[in-house]
Amino acid sequence: MEQSLDNLNEMLFNGILIVLPFVDRRTSSADQHLFFGNLKSMRTFLDRLHDLKLNEVALRKIEISENNLRVKVETLGPGPYFRNCLLRKGNDPISLIAEVKSRAPGRKNVERLDPETLVYDFEKGGAKAISVLTDESWFGGSLETLVKVSAVTTLPLLHKEFIVTSYQLLEG
């Protein structure tokens, strides 16, 4: 089913309800406990994450308005059909989505990320798509990294981010 850009907020809200243990503040606390158990610390983390992302987006909107961004998106040609790129044919090896990220909480992190070389290696290794982590706070990513990766590959890209606004979807 094709969705218009005007429906992004509705799609996003539904996506968060499905993907994250997002608590609708209109729901009574008794109902929330019934569905999610005692997730007070999780809600606190998600609330902080949500606020952080809203602040990041507000700063980016100063540089480029949502209307200008929407115009840019509407002039883009179609990208590769993600699903078809991942489907295996005959005896093809497994379809892999390789990920570009410079750090992860609690793990050994990359000192200097070279996304162009990394993507070249991923393609040489048979990756069928590239996931680019753009969250700066926890994973050290950026939209700039997504732009660099986009410039050096024709593989489908997955903009991996904590998405809380339709503006972020347009950015990706």
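In case you missed it, the structure is sitting above this.
For clarity, every value in this text was computed on a predicted model and none was experimentally measured.

Visitor: Explain helix α6 (residues 115-124) here, please?
Guide: Among the residues making up α6, those that are buried are Pro-115, Val-119 and Phe-122. The arc that holds the buried residues of α6, viewed along the axis, is 60°, so those residues lie on one side. In α6, the exposed positions angled more than 90 degrees off the buried face are occupied by Tyr-120 and Lys-124. Considering only its buried residues, α6 is in contact with β1 (97-100), β2 (129-133) and α7 (143-152). Downstream of α6 by one or two residues, Gly-126 has phi in the positive range, about 100°.

Visitor: So what exactly am I meant to see when it comes to the pairing of β1 here?
Guide: A regular strand places its side chains on the two faces of the sheet in alternate fashion. Residues Ala-98 and Val-100 line the buried face of β1, whereas the alternating positions Ile-97 and Glu-99 sit on a face that is not buried. Here four bridges tie β1 to β2, and the two strands are oriented parallel to one another. Following the sheet pairing, Val-100 is matched in β2 by Val-132.

Analysis parameters
Residues numbered from 1 in each chain as written. Predicted model: local features only at pLDDT ≥ 70, side-chain atom pairs only at ≥ 80, totals over all residues. Heavy atoms only, no water. Buried < 20%, exposed > 50% of the residue type's maximum accessible area, 1.4 Å probe, protein only. Helix = DSSP H or I, 4+ residues; strand = E, 2+ residues; numbered from the N terminus. Arc of directions from axis to C-beta. Contact = heavy atoms within 4.5 Å. Pairing = 2+ DSSP bridges.

Treat this as a map of the structure, not an account of what it does.
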